[in-house]
Structures are given as C-alpha cells and as structure tokens.
Amino acid sequence: MRSRNLFIACAMLMLLAAPQAFAQASAPLPAIQMPAAAPNPYGLGAVWAQGDWVARITILILLVMSVASWYVLVSKLIAQSRIGEQGRAANREFWTRETVRQGADALHKSSPYRFVAESALEATRKHEGLIGRVDLNTWVAQSIERAVGTVHSRAQEGLAVLATVGSTAPFVGLFGTVWGIYNALVRIGASGQASIDRVAGPVGEALIMTAIGLAVAVPAVLGYNWLVRRNKVVMDGIRAFGSDLHTVLLAAGAGTAANEAQG
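Residues numbered from 1 in each chain as written. Predicted model: local features only at pLDDT ≥ 70, side-chain atom pairs only at ≥ 80, totals over all residues. Heavy atoms only, no water.

## Details of the overall build of the chain
In plain terms, the rule: By the criteria applied, helices consist of DSSP H or I runs no shorter than four residues and strands consist of E runs no shorter than two, each listed in order from the N terminus. Three labels apply to residues, based on accessible area from a 1.4 Å probe with only protein chains included: buried if under 20% of the type maximum, exposed if over 50%, partly exposed otherwise in between. Residues are treated as being in contact if the distance between any of their heavy atoms lies within 4.5 Å. Surface accessibility follows the Shrake-Rupley procedure with a 1.4 Å probe radius. Residue values consider only the protein chains on display as shielding.
Within the chain one finds eight helices and zero strands. Overall, the chain shows an N-to-C arrangement of helices and strands of α-α-α-α-α-α-α-α. Buried residues in the chain amount to 29% of all 263 residues. Long-range contacts, defined here as pairs at least 24 residues apart, represent 77% of the contacts in the chain between residues at least 6 apart. Summed over all atoms, the accessible surface of the chain reaches about 17,000 Å², with 66% contributed by carbon and sulfur.

This is the structure:
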C-alpha cells in the first residue's frame, strides 16, 4: 500500500513538472557569438601599403604589361576572326565574277584578299618599259609575293609585345621579390627580432611579386603561341588565294595574246 502511494506521488510530480520542462526545451537557444575574423595583415594590399617606391613601380610595370598583353591578345583575335570571315567571302564572291577586277570590287576595301588582287592587277598594268623586259609570269609572281608579305607583316604586329611580356614579366616579378626580401631583412635586423612571425610575413609579401610576374607572363606566352598558330592558318589561306590568282592572271594574259595573234 505504501509503495502504491509512493508511485502515485511520483506520477503527480512528473505531470506537474512536464509543462515547465517543455517550456524550457522549446525556448530558443542563445545565439553563439562567433569571433570576428581578424584582418589579414599580409597580402597584396600590405605589399602596396608597406612597400617603397621601387616596389610600387614594379607592381605598376607588371600591371601595364598585363593590360598591354591582354589588349593585344583580344585585338588580334578580333582581327584574325575578321580575316577569316573575309576569306570565306572571297571564296564565295571573288571566283564567281567574270573578271579579276569585278572580283576585287566585290570584296571589302579592308580585305587582305582585295589588297592582293589589286596588287596583282597593278602589276599587269605596269608591265611596260624596263619592267616589260621581265617575264610577265615572274613579275606577277613577285608582285603577289610582296603583297602577301605585306599582309603577313601586318598580321604579326603586336605579337612582339606578347613575346616581350612573356619573357620578361617573370624576371620583373623576381626583381620585386628580391627587393622586397632585402627590405624585409633590413627591417627585421633593425628591430633586433628574428622570430618566425617576424620573418614569415615580410618574406611572404615579397614572394607575391613572383606570383604576379608569373600571372602576367603565362597568359602572354599561351596567347602568343595561339595567335602564331592562327596566323599560320590565315596566311596559308591568303597564299593559296594568291597562287590561284596568279594562275588566273597568266591564263587571262595567254588568252589575250592568242586572240591578238588570231586577229
């Protein structure tokens, strides 16, 4: 009987305590305050802020080299794409005309294919006097070759910038690293403390210069190789056009001579 009363009393206490326990369990947990991230005392901003005029000029030089290389890369890609479109237009429009003159007039004025065609026509018109003593085949071939060489020279413009940036940017960054390490060691020596926390920061900042130099050089080298390859494809098409044009002009000249002989 006593155990029964004890059981009933325990049950009553549990029922009375349940609402309070449920209220405490459902109460929102206090927000956990995360410690604020400490600002990084090292990095590119620290290199610029703590660097002297030599370090800042080195960063500016690398920035200018990067902007120049990307400008050349984008502009040459646009120019090569335009030449490719003009080559397709030449294959579509030029060879369907009755004469070379009509075919040249059908092409865009800035097209290198029109420049080659007009150079060949100019050679046939000026085949007189001292030049007339030169065989027409040789004279026209040389004129077309010179025109193709001019187009090739124009296509190569700007590639020297990429080659220069790709070959010199790592050394510019290395110079900035050496200069930064020198200044860091001077400051460490002046402070009289050579612990790892005193050495790691300034030396790490100096090494950022090498990373910047590589970041500038790698796109320039890759872009240079890519543009050279695309230029080769473009120039192969122009040379093939010049060769076909040479054959057409010689055939037209032979036909004219035959008609004059029959007349």
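## Observations regarding the confidence of the model for the chain
Heads up, the condition is: On a scale of 0 to 100, pLDDT captures the predictor's confidence in every residue.
Of all residues in the chain, 69% attain a pLDDT of 70 or more, and the chain-wide mean is 78. Looking across the chain, the model is least confident in helix H1 (residues 2–26), with a mean pLDDT of 50, and most confident in helix H3 (residues 53–93), with 91. Confidence drops under pLDDT 50 across residues 254–263; counting only partners more than four residues distant or on other chains, this segment forms zero contacts.

## Overview of the pattern of salt bridges
As a reminder of what qualifies: Put simply, a salt bridge is a Lys or Arg side-chain nitrogen that is within 4 Å of an Asp or Glu carboxyl oxygen.
Counted by the stated rule, this structure contains ten salt bridges. Ionic pairing is found between Arg114 and Asp105, a salt bridge with its closest N-O pair at 3.7 Å. Looking at Arg114, the relative accessible area reads 13%, which means it is buried. Each of Arg101, Asp105, Arg114 and Glu118 takes part in one network of salt bridges that share partners.

## Observations regarding the packing of aromatic side chains
Counted only if it meets this: What counts as a ring pair is set by centres within 6.5 Å for rings of Phe, Tyr and Trp (its six-membered ring), and what kind of pair is set by the plane angle: stacked under 30 degrees, edge-to-face over 60, tilted for all other angles. Note on geometry: a ring has a charge over it if NZ (lysine) or CZ (arginine) is within 6 Å of the ring centre and within 35 degrees of the ring normal.
Throughout the structure, instances matching the rule amount to six aromatic pairs. One aromatic cluster is present, built from ring pairs that chain together Phe94, Trp95, Tyr113 and Phe241. The ring centre of Phe115 lies 5.0 Å from the NZ or CZ of Arg154, which sits over that ring.

## Remarks on the side chain of His246
Inspection of the secondary structure puts His246 in helix H8 (residues 196–262). Once residues within four sequence positions are removed from consideration, His246 is found in contact with Asn137, Val140, Ala141 and Ile144.

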